[in-house]
Amino acid sequence: MIMGQVMGCLWATRKDNKLNGMAFLVVKPLSYAKEPVTREYFVAADNAGAGIGDTVLVTTGSAARTSFANADVPVDAVIVGIVDSIEVTHD
């Protein structure tokens, strides 16, 4: 699972019919480790009602599709939660 911040929205007028009605958000991965995240922004389907600026939990791969009623949806990243608070301790 990836923790990230929603940075924007994406609109696609032409897409697979199974994607109709879905919201797509641009996510920037976050890291609270000592090393910075090197992954670039990515697009995730929103299944949690997130908005710009929200910190979110994103699941990827085949697990992403299982969050929808139709497991044949062609997505590989889905926002499955909105983070309320984070507590991290470092050694």
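Look up a bit, the structure's there.
Residues numbered from 1 in each chain as written. Predicted model: local features only at pLDDT ≥ 70, side-chain atom pairs only at ≥ 80, totals over all residues. Heavy atoms only, no water.

Enquirer: Would you mind going over the nonpolar core with me for this structure?
Expert: Soluble, globular proteins show a tendency: their nonpolar side chains are buried together. Counting residues in hydrophobic clusters, the biggest one holds eleven residues: Ile-2, Val-6, Leu-25, Val-27, Phe-42, Ala-44, Ala-50, Val-56, Val-58, Ala-77 and Ile-79. Where this core is concerned, the elements lending two or more residues are strand S1 (2–10), strand S2 (23–29), strand S3 (42–46), strand S4 (55–60) and strand S5 (77–82). Apart from the residues lying within four places of it in its own chain, the contact partners of Val-58 are Met-1, Ile-2, Val-27, Phe-42, Ala-44, Ala-77, Val-78 and Ile-79. (Core = buried A, V, L, I, M, F, W, Y, C linked by side-chain atoms within 4.5 Å. Buried < 20%, exposed > 50% of the residue type's maximum accessible area, 1.4 Å probe, protein only. Helix = DSSP H or I, 4+ residues; strand = E, 2+ residues; numbered from the N terminus. Contact = heavy atoms within 4.5 Å.)

Enquirer: Teacher, can you tell me more about the environment of Met-3 here?
Expert: By secondary structure assignment, the location of Met-3 is in strand S1. Residues Met-3 and Ile-79 lie 76 residues apart in sequence; the distance between their C-alpha atoms is 9.5 Å.

Enquirer: In this structure, what is going on with the pairing of S2? I would like to understand it.
Expert: Of all seven residues in S2, five are buried, a share of seventy percent or more. Where S1 lies against S2, six bridges are found, and the strand directions are antiparallel. Considered in S2, the bridge of Val-6 is made with Val-27. Judged from the five bridges that link them, S2 and S3 form a sheet pairing that is antiparallel. Bridge pairing in S3 links Val-27 to Phe-42. (Pairing = 2+ DSSP bridges.)

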